[in-house]
Amino acid sequence: MITHLENDHIKVAIDTKGAQLISFINKATGIEHMWQADEKIWPWHAPNLFPVVGGLINNELLVDGEKYAMSRHGFARQSEFFLLESDETSASYSLPNCENTLKVYPFKFDFQILYHLIDNALRITYKVINLDKKSIYFSVGGHPAFNVPFNKGENYEDYYLEFETEEHFNTHLLSKDGFFNGVTHPVPTPNKKLYLTRDLFKDDALVFKDLKSRMVTIKSDKHDQTLALEFPHFNYLGLWAKPGADFVCIEPWLGCADTEGKHVDIKDKEAIQKLSVGHVFESAYFVCL
């Protein structure tokens, strides 16, 4: 089921499948900023990642010595959410634990995603409620894909990502299987700019673990149209595109893939989130015109 939200600046659409943002339109320009999920290239718009981010060694989640089958980025993006409530500018979705989730993730929870249009921005809030009698552990993140170029007749290489802060950028390299290999590599960002090229992601995503920047803006040398993603409380950031495709993903994460040779219990996973009994987790990011 598709839900539409709209204010004076933005129109968006959200699907209950994965509670996924599938459209983000700038009303002033008519530009559709979300990648439209071409199945021949990459069949997603903006998947929500839960209860893991990235890949697990052997596609197995370890919990207290038990192994549970878990695919890359978790099951939320494949799941049908319940629409809890909606109005003209907001909608909230819920994915509670069930018999099927307990088979692969032995924790009781309610994973909610809240969308709210605020002036020229869409706030996307991840909310996890611990319904268990023990602490629960999870990772969560976004994977939104934005169309580049914005307009017909433009080139991908006309665009760049501008970071909020001048800093030294090092990407943590991934193996061919999608696991960290312990190697880092500097990423040139003259004047805080990372220029988009067709081979920028030929070796998989760029992953930053220690960014000071908390905003990344898509810009062009040819015009002043922009789109920004602000992630004040997400400590990891992934950048990725299918090589040759007309999009770029800007991915705020609280969690990350496994490291080669380190198949550890969920409690010991890098960047894992712990939520105590009776507690509620919330963290939001913003897509801004």
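Residues numbered from 1 in each chain as written. Predicted model: local features only at pLDDT ≥ 70, side-chain atom pairs only at ≥ 80, totals over all residues. Heavy atoms only, no water.

Draft legend 1. Representation of the nonpolar core. Core analysis: the biggest nonpolar cluster contains 90 residues, and Phe50, Tyr105, Phe111 and Leu239 have the highest contact counts within it. Looking at which element gives the most residues to this core, the answer is strand S23 (residues 247-254), with six residues. When residues no more than four places from it in sequence are discounted, the contact partners of leucine 239 are Leu161, Phe163, Leu194, Phe201, Ala205, Leu206, Phe208, Cys249, Ile250 and Glu251. (Core = buried A, V, L, I, M, F, W, Y, C linked by side-chain atoms within 4.5 Å. Buried < 20%, exposed > 50% of the residue type's maximum accessible area, 1.4 Å probe, protein only. Helix = DSSP H or I, 4+ residues; strand = E, 2+ residues; numbered from the N terminus. Contact = heavy atoms within 4.5 Å.)

Draft legend 2. Spatial organisation of the pairing of strand S10 (residues 109-118). Among the 10 residues that make up S10, seven are buried, leaving the element largely enclosed by the rest of the structure. In this structure, strand S9 (residues 90-96) lies alongside S10, joined through seven bridges in antiparallel fashion. When the sheet's bridge partners are listed, serine 94 is paired in S10 with glutamine 112. Between S10 and the antiparallel strand that follows it, strand S11 (residues 121-130), lie two residues; aspartate 119 among them carries a positive phi value of about 55 degrees. (Pairing = 2+ DSSP bridges.)

Draft legend 3. Main features of the state of the cysteines. Within this structure, the stated rule accounts for zero disulfides. Of all cysteine sulfurs in the structure, the one in cysteine 249 sits closest to cysteine 256, which takes part in no disulfide; the separation is 18 Å. (Disulfide = S-S within 2.5 Å.)

Draft legend 4. Here's a closer look at the sheet that holds S10. Pairing within the open sheet is antiparallel, and its nine strands lie in the order S8-S9-S10-S11-S25-S21-S20-S15-S18. Whereas interior strands pair on both sides, the edge strands pair on one side only; in this sheet they are strand S8 (82-86) and strand S18 (193-195). Neighbour-to-neighbour, the strand axes of this sheet turn through a mean angle of 20 degrees, independent of strand direction. In the sheet, strand S20 (residues 215-220) pairs with strand S21 (residues 227-230) via four bridges, with the strands oriented antiparallel. The residue bridging methionine 215 from the neighbouring strand is glutamate 230, located in S21. (Axes fitted to C-alpha atoms, helices over the stretch in contact; angles between N-to-C directions.)

Draft legend 5. Expanded view of unusual backbone geometry. A cis amide bond links phenylalanine 50 to the next residue, proline 51, at an omega of 0 degrees. Here the bond from valine 148 into proline 149 is cis, since omega is 5 degrees, no more than 30 degrees from zero. Residue alanine 37 is not a glycine yet carries a positive backbone phi of 60 degrees. Its place among the elements puts alanine 37 in the loop between strand S4 (31-32) and strand S5 (48-49). Within the chain, lysine 192 stands out as a residue other than glycine whose phi angle is a positive 70 degrees. Its location among the elements puts lysine 192 in the loop between strand S17 (180-186) and S18.

Draft legend 6. Structural context of the environment of serine 90. Its location among the elements puts serine 90 in strand S9. Between the C-alpha atoms of serine 90 and alanine 245, which are 155 residues apart in sequence, the distance is 31 Å. When residues no more than four places from it in sequence are discounted, the contact partners of serine 90 are Leu5, Glu85, Tyr115 and His116. Within the structure, serine 90 has its side chain in polar contact with the side chain of aspartate 87 (distance 2.8 Å). (Polar contact = N/O pair within 3.5 Å; in protein donor to acceptor, adjacent residues only side chain to side chain.)

Draft legend 7. Expanded view of the sheet that holds S4. Across the sheet, which stays open at both edges, the four strands sit in the order S1-S2-S3-S4 with antiparallel pairing between neighbours. The open sheet has two free edges, formed respectively by strand S1 (2-6) and S4, since each of these has just one partner strand. Looking at chain direction, S1 and strand S2 (residues 10-15) are connected through five bridges and run antiparallel. Across the sheet, the residue bridging to leucine 5 is valine 12, located in S2.

Draft legend 8. Local environment of the pairing of S23. By the criterion of burial, S23 is predominantly enclosed, with eight of the eight residues buried. Alternating residues of S23 divide into Phe247, Cys249, Glu251 and Trp253 and Val248, Ile250, Pro252 and Leu254, and every residue in both groups is buried. Sheet topology places strand S13 (residues 140-142) next to S23; two bridges connect them, and they run antiparallel. Note that in S23 the partner of glycine 141 across the bridge is tryptophan 253. The pairing of strand S14 (residues 145-147) with S23 spans three bridges and is antiparallel. By the bridge assignment, asparagine 147 is partnered in S23 with phenylalanine 247. Pairing of strand S22 (residues 236-240) with S23, which is carried by five bridges, proceeds in the antiparallel orientation.

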